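Per-entry structural report
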Amino acid sequence: MGRKMTALAATEAALARIAKHDSVLNSFTGVTADRARAKACGVDAAIAAGQKVGPLAGVPFAVKNLFDIKGLPTRAGSKINLDGPKAARDGALVRKLEAAGAILLGGLNMGEYAYDFTGENAHYGPSRNPRDPTRMTGGSSGGSGAAVAAGEVPLALGSDTNGSIRVPSSLCGLFGLKPTYGRLSRAGSFPFVDAFDHLGPLARSTEDLALSFDAMQGWDPDDPVCTDREPEPTLPRLRDGIDGLRIAVAGDYFAKGGEPEAFEAVATVAKALGATRTVVLPQAAVARSAAYVITAIEGAQLHLPRLRTRPQDFDPETRERFMAGALLPGSWYAKAQRFRRHYRAGVLKVFDEVDVVLAPATPCRAPKLGQVMMKLGGVDLAVRANLGVFTQPISFIGLPVVAVPTRTPGAMPIGVQVIARPYHEQAALRVAAHLEKAGVCVAAPA
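Attention here is on the structure that accompanies the text.

1. Some remarks on the nonpolar core
Grouped together as the largest cluster of nonpolar side chains are 100 residues, with contacts concentrated most on Leu358 and Phe396. The biggest single contributor to this core is helix H8 (residues 284-309), with 10 residues. Among residues more than four places away in sequence, those in contact with Phe396 are Phe196, Ala287, Ala290, Ala291, Ile294, Ala336, Phe339, Arg340 and Tyr343. Ala7, Ala14, Leu108 and Ile165 belong to the second largest nonpolar core, which has 23 residues in total.

2. Brief notes about the sheet that holds strand E10 (residues 277-279)
In spatial order, the strands read E1-E3-E2-E6-E8-E7-E14-E15-E11-E9-E10; together these 11 strands make up an open sheet with mixed pairing. Only two strands of the sheet have a single neighbouring strand rather than two, namely strand E1 (28-31) and E10. Sheet twist, expressed as the average angle between the axes of neighbouring strands with direction ignored, equals 30°. Pairing of E1 with strand E3 (residues 103-108) involves three bridges; the strand directions are antiparallel. Its bridge partner being in E3, Val31 is matched across the sheet by Gly106. The strands touched by helix H3 (residues 92-99) within the sheet are strand E2 (60-64), E3, strand E6 (155-160) and strand E8 (198-203), with E2 carrying the most contacts at an inclination of about 175°.

3. Observations regarding the packing of helix H1 (residues 7-25) against helix H2 (residues 33-48)
Running from amino to carboxyl end, H1 crosses H2 at an angle of 155°, the nearest separation of the two axes being 7 Å. It follows from the interaxial angle that H1 and H2 lie roughly antiparallel. In contact with Ala7, Leu8, Thr11, Glu12 and Leu15 of H1, H2 contributes Ala33, Ala36, Arg37, Ala40, Cys41, Val43 and Asp44. For the contact of H1 with H2, the per-class residue count stands at eight nonpolar, one polar and three charged.

4. Some details on the side chain of Arg75
Counting through the fold element by element, Arg75 comes out in the loop between E2 and H3. Despite its burial, Arg75 remains without a salt bridge, the nearest opposite charge being carried by Asp83 at 9.9 Å. Among all residues touching Arg75, those that are not within four sequence positions of it are Thr29, Asn65, Asn81, Leu82 and Tyr124.

5. Describing the packing of aromatic side chains
One pass over the structure, following the stated rule, counts 13 aromatic pairs. With centroids separated by 6.1 Å and ring planes inclined at 70°, the aromatic side chains of Phe263 and Phe390 adopt a geometry described as edge-to-face. With a gap of 127 residues between them, Phe263 in helix H7 (residues 260-273) and Phe390 in the loop between helix H11 (383-386) and helix H12 (392-395) connect regions that are remote in the sequence. What makes Phe263 partly exposed here is its relative accessible area of 23%. According to the relative accessible area criterion, Phe390 is buried, its value standing at 1%. A network of ring pairs unites the aromatic residues Tyr113, Tyr115, Phe190, Phe192, Phe314 and Phe322 as a single cluster. Note that Arg340 overlies the ring of Phe396, its terminal NZ or CZ placed 6.0 Å from the centroid.

The rules we used
- Residues numbered from 1 in each chain as written.
- Predicted model: local features only at pLDDT ≥ 70, side-chain atom pairs only at ≥ 80, totals over all residues.
- Heavy atoms only, no water.
- Core = buried A, V, L, I, M, F, W, Y, C linked by side-chain atoms within 4.5 Å.
- Buried < 20%, exposed > 50% of the residue type's maximum accessible area, 1.4 Å probe, protein only.
- Helix = DSSP H or I, 4+ residues; strand = E, 2+ residues; numbered from the N terminus.
- Contact = heavy atoms within 4.5 Å.
- Pairing = 2+ DSSP bridges.
- Axes fitted to C-alpha atoms, helices over the stretch in contact; angles between N-to-C directions.
- Parallel < 35°, antiparallel > 145°, perpendicular 65-115°, else oblique.
- Nonpolar A, V, L, I, M, F, W, Y, C, P; charged D, E, K, R; others polar.
- Lys, Arg positive; Asp, Glu negative; His and termini not counted.
- Salt bridge = Lys/Arg side-chain N within 4 Å of Asp/Glu carboxyl O.
- Phe/Tyr/Trp six-rings, centres within 6.5 Å; stacked < 30°, edge-to-face > 60°.
- Lys NZ or Arg CZ within 6 Å of the ring centre and 35° of its normal.

Below is the structure:
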């Protein structure tokens, strides 16, 4: 993100792109143009006065509309929240990016209450994939994926509970970072599942991920699970390359249940990295099932008051999933959480032997908008429930992941997960930077 123009010029150019493209893409649900122009003028004035500015000075960004934006209701993809109070201040990560000089342009479309893998919203319409507007962006951070892939903004924030940063990154051909659970503050964002919720960036390059991640690090007492850990800058580590990193491919669960292109993408990345070892993340299928149980029960408990008072204002499919979760016995939740501890211990043993593990990000390329069923591994399965088949077992235990894009000429993109041990985002980002420099993983032109 080099300073090749004034902050105001960069802001006006981004606003012009939004005006030109968003009627088709439907990525934005609110544009904060006046605020953005005022902030940009302030950045330019600081530069003209010789004052120190942040590393993201003048960079436009936007956020999934579950982030608080001062003066706007935090809609979280819903109709109900739109009637709620306006946010009194920005979310923590919005404030940190603006402190680094970035310019907020607005809120982005998403699946209702983040319970979605497709990027389709019953109230505000689907976000559309810039690579092919007849196809899904993936969700639930679908507007974030569309806005960055189309070049409306170079950086967007999303959330990832079961795969909602990694799925849009894969289907839209972007780089996305799901940090370690608790690494970035969630304060000032509308929750979905406290046990799994992560916030993170989507961008068109590894460097932009690292720049934004570094700006957002740091303990926040307003988020009870935020890690009290000193910031560990990742941008300088990108130059380290992959020397010394032990890289393996996830086998077993992660080598079946998808279409050939998902596994071909992993093989391409593995070859470029010289990764020949295969490892097994034990009981990944059970982990995915346990993730479903925890998601359904926590999500339902959060929304019970709304389900009782305004059931007609939910997307019917979201409402049914929450109501089903409300009926699950509490003993299932307790068993799923016990298994979670067991699974985490088993996976961390794998990371005693390797530093990075490669796995598919999605089981296929972007389905068509409105598509209900798809064939995976020869089996007909529901699209909405299964786009996260490879992401759920990873966010279940909060591991850091960089989604990297791969693309073949004439085909839609598909991504690969670069997974590291907790708090080793730098290792995943180093691998992503190496792949980008080698031309193996590059975001498609906006």
